[in-house]
Structures are given as structure tokens and as C-alpha cells.
Amino acid sequence: MSNPASNSTTAPPSKKRKESTDSIPVPEFTQLDYVNLTSHTDAFGVDPIPISWGHPDPLVRGPVICTVRHSSQRNAIGAHSGSYCIYTGLAVAAGKLNPDYVPNLKLTSPVFNIGPHKSWSDPKKISSIDPFGHLITNVYGGYLDKGFDIRPTIAVTKAHIDLPETREAVALGRLVPDGKILLESGQSIVSKAAIEPVWYLPEIARRFGCTESVLRQSIFRMTNGMYPELITRPDIKIFLPPIGGLTIYIWGDPDTIPDEDIELTCRVHDECNGSDVFGSDICTCRPYLTHAIEECIKTAQRGGAGIVIYYRKEGRSLGEVTKYLVYNTRKRQEGGDSAENYFACTEKVAGVQDTRFQALMPDPLHFLGVTKIHNFISMSDMKYNAIVSTGIEIVNRVEIPKELVPDDAQVEITAKVFHGYNAGKAYQGIDEKELKKTVGREYDYDGKANGEKKDTNVIE
Ligand SMILES: [Zn+2]
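Residues numbered from 1 in each chain as written. Predicted model: local features only at pLDDT ≥ 70, side-chain atom pairs only at ≥ 80, totals over all residues.

**Comments concerning unusual backbone geometry**
Here is step 1: Going from Gly115 to Pro116, the amide bond is cis rather than trans, its omega being 0°.
Here is step 2: Within the secondary structure, Pro116 sits in the loop between α3 (85–93) and α4 (136–139).
Here is step 3: One non-glycine residue with positive phi stands out, namely Ser317, at about 65°.
Here is step 4: Mapping Ser317 onto the fold places it in helix α12 (residues 314–317).
Here is step 5: Residue Ser317 is classed as partly exposed on the basis of its C-beta count, with 18 C-beta atoms lying within 10 Å.
Here is step 6: One non-glycine residue with positive phi stands out, namely Phe357, at about 35°.
Here is step 7: Inspection of the secondary structure assignment puts Phe357 in the loop between α14 (342–350) and α15 (363–367).
Here is step 8: With 14 C-beta atoms counted inside 10 Å, the residue Phe357 sits in the partly exposed group. (Helix = DSSP H or I, 4+ residues; strand = E, 2+ residues; numbered from the N terminus. Buried ≥ 20, exposed ≤ 12 C-beta atoms within 10 Å, placed from the backbone.)

Structural data, given as C-alpha cells:
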């Protein structure tokens, strides 16, 4: 039985703001026209605003300060907007952006409510996003009034979305427009939130089974020393990494999400630009995504809610260049693309099969107050196990209908099922024989079919 109230703190954080505004320090401003090397131990943060990660009161927790304007009070390593921070640098270099500009956040606040939830104060549930990231103008209004430049790391809005697969489902009678969640035109109405990562390093390290110093050293080393403070400032525990964020799409009333008695459908999807946007048929990504959206719409029409979380983790977080190199290896290898060698090819090229590591993935579910998922639309046991291990119950796993899997994607799904993924009844019992005979399309990249062997290193 559910008790949604138990997952919410009693007082909204805004009520606590006024009481302790006096304790907010006066901002110190950094002169932005000279270069400040962060490799020196005293370069910044002589008096960082304290952060008490996981504290339910946002003022005690403290605002994440990671803009360039308050270097002595900054309490986070990195920069806002993930990898897009480099474009900010370009804009300033090109004279298009005044580095002193402070954003006008007046009309930017969320258009629907998320939280607060009990999970917000549990680092084991949230340590890769700032649960107050959408409430900056509300809970840290006192800081903004005093002149601090604090940026939201979450933005919450609404949209109409229009997908050919949804229109087709309407035409075939699988979906019925109701004028509220699904319009006659085939458009559906969503609430959505964009989230950029904010990492609390001690807990990130715990989830990856290493010490915090090993984590800091490893990121420092593998980024060619991009973030010296990872080494020089072990007291600064927050890191805004230069990686892609995520987007939450919600069908139905977001307020029902924490209520365990109300049906909830969910898919956590990792970006695959080639399939998701351009319809490449080598994998099941877009069919899975649009199938999940269809199930989310149906759930919302039954009075529940549907969630799709879209992670920017292209090519299993190895990136699209690595992914295409793997595609070429798969198609070119002896015997052509086969389910049998599907995972081995990625490992051959990248040295590792997958760097998505789902350990941080459930955080946005806890941000929304999810404690029970009735329908989970994914064949990945890694995702299933990661979610369940953080205390969220999953009732049913919904399989992708076989007719939605493109021919060339049989290689991917067969290999995944053979290696323990769960694609439901339609793909049960895949044995070694089945694995060996599942092959993909041939491209004849090197002209072998015509008896000629092109030198692939020659650019034509
Ligand atoms: Zn894909």
C-alpha cells in the first residue's frame, strides 16, 4: 500500500527561506579580465559557501555556486551546461557575450511542481543531480537578491510532441485520441524537465566501488588534467562534469507519480542519434522509444502517468565516433555482422563493452518521487537491477512487440537476449545455434563482391 505523504517533506522549502536570509554572506565578485589558474591550491574557494549534501532544508544544504563570478565563494568544480560551457567561452571570445552578464530568471520558474520528496535528502538515492536545481529563484531567492549569480541546473516546462509512430498508432486504432492527453492530430501533451548533472563526489565514488581519491585521480588523469581542483581541493565535494545531461518526459498528471496505487509506466532510454532521430535500422532504439511513448500515453489515459527519461549517453557513452567505428568492424569482420560477435566488436574497438554504468541512472526517478513502477519498458537487466537496488519496486516488464524490431536489428536484440537481456516471450530461448545464424545486412564496403579490393584509407 502506498503512502504518498510519507515521501514528501511537510513544509515546502520556500517557507523556510525568509527565516535565515540574514545568514547569507555578501557576495564577492571576481575580476574577469585576468587569468586565474585553478592549479594553485589557494586560487579559489578561500571561503566557499558550505554545502551539506542531502540536507532537506535547501538553505542548510546550500546553493551550488559554480559560476565564474564568485571564485572565492565557489563551492563546485567545473562549469554549468555540461560541454556547452566551451560555447560560452567562444561567445565571450567573439565579443558576443559580456562575461559579467547575469541571467534574468524572473519568468523562468517551473510550470508544474516537482517535490520536495523524502528521497531528496538521501544521497544513496540522489547524488548526480541537484534536487533543488529547478527551485533556485524560490529557495535561493535571498542569495539572488544579495547579488549572487546562481544558475538553475534543472528547467521544467510543457510541450506538444508529434511523432509519426503515434499518428500511425492512432490510424491503426491502437491509440484513441481523447482531446486531453492525445489530440486528434496525433500530438500528445507532455510535461518535461531538462537536467544537467551535479555530482556529489563521495557518493559517486561509493556507487562505483572506489575511494573518492581514486575517482578524483582517474577523472583528472583521463581528462588530461582539465580539472586540477579534483586533486588540489579535496574539500570541494561537488563537480559539474562536462557530460550530457538528461530529459524527463511525463504523460499524465506528474502529481500522481509518487502514489504507489496509481499506475506508472517508465522507460529509461539512452541516446542513439542514428536511430532515435534519423531512423537507422541497425538497432531497436527508436522502435523501443516510440513503443514506450505509446504505452505512456495509454497509461496516462487510464488515469496514471508515463515517464520517459532520455539520457545523453550516445553509443553506450562511448560516443558516436566510436560507435561508427564499431559498426564498420561489425560489417567488415569475417562472416559479416553477427549476433555472436556483437559485444566482442565493441570491446575490440573501445577496450570495453559499455561505459553507461547504470549506477547513477535511477537518480531522476528518485527526484520525481518514484517508489513503484508498474510497467517497465526495457530489456536491460542492468537498468532493471540498478533501479530495484535503490528501493524502487518494478511490477511488470513490458516487452517490445516483435513486429517493431527492424530486420537489421535482429543482430542486436539476439545478441543482447543471449547475454541475459530480457526481451520477453517473443525472444525467449535464444540458444547458441540461434545466436550463430543471426546475421545482419551486408554493405560490401570494400568491393569484395565485385572481385576488387579497394584501399579504404584512400579518400575518394
Ligand atoms: Zn541504437
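**Details of the sheet that holds strand β6 (residues 246–252)**
In any sheet, the strands associate via hydrogen bonds between backbone groups, in a parallel or an antiparallel arrangement.
Here is step 1: What the seven strands build is an open sheet, ordered β2-β3-β6-β8-β7-β9-β10; its pairing is mixed. The open sheet is flanked by β2 (154–161) and β10 (393–397), the only strands paired with a single partner. Going across the sheet, the axis of each strand differs from the next one's by a mean of 25°, ignoring polarity.
Here is step 2: Alignment of strand β3 (residues 188–195) against β6, held across five bridges, turns out to be antiparallel. The partner of Ile195 across the bridge, within β6, is Leu246.
Here is step 3: Against the sheet, helix α16 (residues 381–388) makes contact with β7 (264–270), β9 (372–376) and β10, and its axis sits at roughly 150° relative to β10, the strand it touches most. (Pairing = 2+ DSSP bridges. Axes fitted to C-alpha atoms, helices over the stretch in contact; angles between N-to-C directions. Contact = placed C-beta atoms within 7 Å.)

**Describing the confidence of the model for the chain**
Here is step 1: When pLDDT is averaged along the chain, the result is 89, and 90% of the positions lie at 70 or above.
Here is step 2: Within the model, pLDDT remains below 50 along residues 1–17, and this stretch shows 34 contacts once partners closer than five positions in the same chain are excluded.
Here is step 3: Counting contacts from residues 453–460, a segment whose pLDDT is below 50, to residues more than four positions away or on other chains yields six contacts. (pLDDT = per-residue confidence, 0-100.)

**A few points about the pairing of β9**
Here is step 1: In this sheet, β9 lies alongside β7 in parallel orientation, the contact comprising two bridges. By the bridge assignment, Cys266 is partnered in β9 with Phe376.
Here is step 2: Sheet topology note: the β9/β10 ladder contains four bridges and is parallel. Paired with Ile373 across the bridge in β10 is Ile394.
Here is step 3: Tracing the backbone out of β9, into α16 and back to the parallel element β10 gives a crossover that is right-handed. (Right-handed = clockwise from strand over helix to strand, strands pointing away.)

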